[in-house]
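Geometric and topological summary
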Amino acid sequence: MSNTPEHPELSALAPATVVVAAGRPDREQGGHVNASIPMNSTYVSRGVITSGELSYARGDNDAWHPFEEALATLECGGGEPGAGIVFSSGMAAIAAVFSLVPDGGTLVLPRHAYQAGMVLARQMSERHGVTLRYVDIADTDAVLAALDGADLLLVESPTNPMLEVADLPAVLGAARDAGVRSVVDNTFATPLGQRPLEYGADIVLHSVTKYLAGHSDVVLGALVTRDAELAATLREHRTLHGAIAGPFEVWLALRGLRTLALRFDRAQANAAELARRLVDHPEVAEVRHPSLPGDPGHARAKAQMNGFGAIIGVRPKARAGSGDQVRRADAVVDAVRLWLPATSLGGVDSTLERRRRWGTEATTVPEDLLRLSVGIEDVEDLWADLDLALRA
Ligand SMILES: *Cc1c(COP(=O)(O)O)cnc(C)c1O
């Protein structure tokens, strides 16, 4: 890659530079400035394959490398380098990590977390006798107490969709001391918002679908780890389960990553401004965003994150006579004209949905909670549309 003499060591650069500079081809006269989209199912190979050699495109594929290198550089910062491993989706990455829990083993997980991951955990419990210990990830004592004898700790912070903030140094340090492997789903914060490996995580997980790719046009996932043995195990899982990404999708993700710093800055600033205004809105009962001084996660997010993310939780105020809060929340989603009524998050486009419309969402998530994914549009346009929808 691009660590040629005229190009400084990438890991020494600021993240906003890394997203632009990483994963470029070597510099040569007349050479390409962008990674190519190599289309191959197989590679020329003879005899015994040595490790690191390309042979068949399900096992390893040079189309993945520029993005994998860029993401690993971002998550590892100036510290010890690690390996990026791209998957066909965030769920494929979660499945690979969950495979580290043996039959009959124990998984500690947040009571609020990405719902399809929770469904997969329940299946592991039913089919493979895995014990699930649900914790409030913001309750550090509860997390520490649950670690005893566990095989894996799954952390989300901030959580989806409740935006609870875990004390990352405390829970990841405790897991390490207890000999429990830890994985942090860093989808909401992005590596620009926090680097869980620095707080002691063994693995960082991303739904690349969201902020990293950032344009609501591709489904992809990724893991990053500094543990070479673990990386080999996770890659083997990808190979054997065939959970591989297509060259074009990975290229789109790298293309999206180039503007991550700009997009995430803008989305976070928009979200903080909207959250601040929503607190005083006459039709709003509750707002969750870690930027708000009164939010339970505020102090922690301020201490361990760079920014507060761009996801907001909102509950509309009940109206006398309007009865059903579910219908009240659904009416807000129906009334927006600019915001996109859609699931998913992290795109340039602002989206919103009532989370409990999914039967798989945790029942401790309020029925009328709207999850807002704030994009990069003009904040006044976003506010005007939301304000009208709340008053409709
Ligand atoms: C979307 C999401 C996932 C799953 O990723 P896919 O790319 O949809 O498979 C995992 N974790 C979080 C926090 C997510 O938002």
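Scroll up a little and you will see the structure.
None of these values were measured; they are calculated from a predicted model.

For the protein, the count of helices and strands is 13 helices and 12 strands. Over its C-alpha atoms the protein spans a radius of gyration of 21 Å, differing by no more than 12% from the 21 Å that the globule rule assigns to 392 residues. Reported as C-alpha extents along the three principal axes, the dimensions of the protein are approximately 75 × 55 × 35 Å. Taking all 392 residues of the protein together, the buried fraction comes to 54%. In the protein, the share of contacts with a sequence separation of at least 24, taken over all contacts with a separation of at least 6, comes to 66%. Carbon and sulfur atoms make up 52% of the accessible area of the protein, which totals about 16500 Å². One way to put it: in the protein the 36 positive side-chain charges average out to a point 4 Å from where the 50 negative ones average out.

This part is about the site of the ligand. Close to the ligand lie 15 residues, the nearest being Met91, Asp185, Ser207, Thr209 and Lys210. Taking Gly90, its main chain carries an N or O atom lying 2.9 Å from an oxygen atom of the ligand. Ser207 has a polar side-chain atom sitting 2.8 Å from an oxygen atom of the ligand. Here the ligand loses 92% of its free accessible area of 380 Å² to cover by the protein chains. Looking at the shell around the ligand, the element that brings in the most residues is helix H3 (residues 90–98), giving three residues. Broken down by class, the residue content of the shell around the ligand amounts to seven nonpolar, six polar and two charged.

Reading the values: the criteria
Residues numbered from 1 in each chain as written. Predicted model: local features only at pLDDT ≥ 70, side-chain atom pairs only at ≥ 80, totals over all residues. Heavy atoms only, no water. Helix = DSSP H or I, 4+ residues; strand = E, 2+ residues; numbered from the N terminus. Rg over C-alpha atoms; globule rule 2.2 N^0.38 Å. Buried < 20%, exposed > 50% of the residue type's maximum accessible area, 1.4 Å probe, protein only. Contact = heavy atoms within 4.5 Å. Areas by Shrake-Rupley, 256 points an atom, 1.4 Å probe, with all protein chains shown as cover. Lys, Arg positive; Asp, Glu negative; His and termini not counted. Charge placed at Lys NZ, Arg CZ, Asp CG, Glu CD. Near = heavy atom within 4 Å. Polar contact = N/O pair within 3.5 Å; in protein donor to acceptor, adjacent residues only side chain to side chain. Nonpolar A, V, L, I, M, F, W, Y, C, P; charged D, E, K, R; others polar.

Any link to function would need more than the numbers given here.
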